[in-house]
Amino acid sequence: ADALILDLEDAVAPSRKGGARHTAAEFITAHAASLSTRLFVRVNPFDTGLTMGDLAAVVVPGLAGIMLPKINDAADLVRLGHCLDALEARAGLATGSVAMLPVATETAQAMLNMGSFATCVPLPRLAAVTWGAEDLSTAIGAIANREEDGRYSPLYELAASMCLCAATAAGVPAIDTVHTDFRDAAGLLAACRVSRRRGFRGRMAIHPDQVATINEAYSPSAAELAHARRIVRSEERRVG
């Protein structure tokens, strides 16, 4: 995996949030130097009142980035950037060394404000933009986010498309959402191939068994590489 995301949000019970912060910080301190995988932390969203405590604990040497869930618009990322400026200075880190990865479609407000990614550019810490269907369905009170045939309902197809547009407007890769059935390798591969054709550059994983499939699906095939090389050789001959 290109990044490992330590979760302080949905995976942690409210009574254990404080302890999870320190566990995450200790893990980063102990393992960041020995891992080839970059370490991110998903903090709690701003409207919980927990975000600053999360950031204060985990912005330590070795932290590669912060995933911010349930944003309402790109202004939340500007706010996060200001917080990181101060916390990097306290931790002795170079300014701008901690990246940001927002989950951009988890609230109704976010869906209505996706154009803010164009108006708030540049966002120099922004590493990529991803989206989520599970929390959006909760936010709007949907019973499910898929139709009876298994396809995403129109709102969630729109959310994926808006993620692509927001990422492009901000000049960063779009990363597709999780395939929640980690036992469904065939379904994951099919979903990844569709996703790549649409413009996504990678995908979130919820289980280690998904990583190899995701890497295979988003890597160029031998045929694609051969085609690209033919184009390059043709252009070199034309220019020469």
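Our structure is the block above this text.
Bear in mind the structure is a predicted one, so any value in this text is a computation, not a measurement.

### Description of the side chain of Ser195
Argument step 1. If you trace the backbone, Ser195 turns up in helix 8 (residues 185–198).
Argument step 2. Residue Ser195 is classed as buried on the basis of its relative accessible area, which comes to 4%.
Argument step 3. Among all residues touching Ser195, those that are not within four sequence positions of it are Asp176, Phe200, Arg203 and Tyr218.

### Let's talk about the sheet that holds strand 7 (residues 202–203)
Argument step 1. The sheet built from 3 strands is open, its strands ordered 5-6-7 with parallel pairing. Bordering the open sheet on either side are strand 5 (129–130) and strand 7, each of which pairs with just one other strand.
Argument step 2. By the bridge criterion, 2 bridges tie strand 5 to strand 6 (residues 174–176) in an arrangement that is parallel. By the bridge assignment for strand 6, Val129 is matched with Ala174.

### What about the pattern of salt bridges?
Argument step 1. Summed over the entire model, instances satisfying the criterion amount to 13 salt bridges.
Argument step 2. Across the salt bridge formed by Arg42 and Asp10, the nearest N and O atoms sit 3.9 Å from each other. One end of the pair, Arg42, is in strand 2 (residues 38–42); the other, Asp10, is in the loop between strand 1 (3–7) and helix 1 (17–31), and 32 residues separate them in sequence.
Argument step 3. Overall, the relative accessible area of 16% leaves Arg42 in the buried class.
Argument step 4. For Arg125, the salt bridge goes to Asp85, with nearest N and O atoms at 2.7 Å. Taken as a pair, Arg125 in the loop between helix 5 (116–119) and strand 5 and Asp85 in helix 3 (residues 75–91) lie far apart in primary sequence, 40 residues in all.
Argument step 5. Residue Arg125 is classed as buried on the basis of its relative accessible area of 8%.
Argument step 6. For Asp85, a relative accessible area of 33% gives the class partly exposed.
Argument step 7. Overlapping salt bridges bring together Asp7, Glu9, Asp10, Arg42, Lys70 and Asp135 as one network.

### Section: the layout of surface pockets
Any empty space left between the atoms is revealed when a probe the size of a water molecule rolls over them.
Argument step 1. Taken as a whole, the largest pocket encloses approximately 1,200 Å³ of empty space.
Argument step 2. If you list the elements that add at least two residues to the lining of the largest pocket, you get strand 1, strand 2, helix 6 (134–140), strand 7 and helix 9 (211–218).
Argument step 3. Here the lining of the largest pocket is composed, by residue class, of 22 nonpolar, 8 polar and 10 charged.
Argument step 4. Its volume calculated, the second largest pocket comes out at about 280 Å³.
Argument step 5. Lining the second largest pocket we find 18 residues, and of these Tyr152, Ala191, Val194, Arg198 and Arg203 sit closest to its centre.
Argument step 6. Counting residues per element, the lining of the second largest pocket draws most heavily on helix 8, which supplies 5 residues.
Argument step 7. Class assignment of the residues belonging to the lining of the second largest pocket gives a composition of 8 nonpolar, 4 polar and 6 charged.

Procedures and definitions
- Residues numbered from 1 in each chain as written.
- Predicted model: local features only at pLDDT ≥ 70, side-chain atom pairs only at ≥ 80, totals over all residues.
- Heavy atoms only, no water.
- Helix = DSSP H or I, 4+ residues; strand = E, 2+ residues; numbered from the N terminus.
- Buried < 20%, exposed > 50% of the residue type's maximum accessible area, 1.4 Å probe, protein only.
- Contact = heavy atoms within 4.5 Å.
- Pairing = 2+ DSSP bridges.
- Salt bridge = Lys/Arg side-chain N within 4 Å of Asp/Glu carboxyl O.
- 1 Å grid on protein atoms, 1.4 Å probe; cavity = no way out; pocket = protein on both sides within 12 Å on 5 of 7 lines; lining within 4 Å.
- Points joined across faces, edges and corners; volume = space filled by probe spheres on them.
- Nonpolar A, V, L, I, M, F, W, Y, C, P; charged D, E, K, R; others polar.

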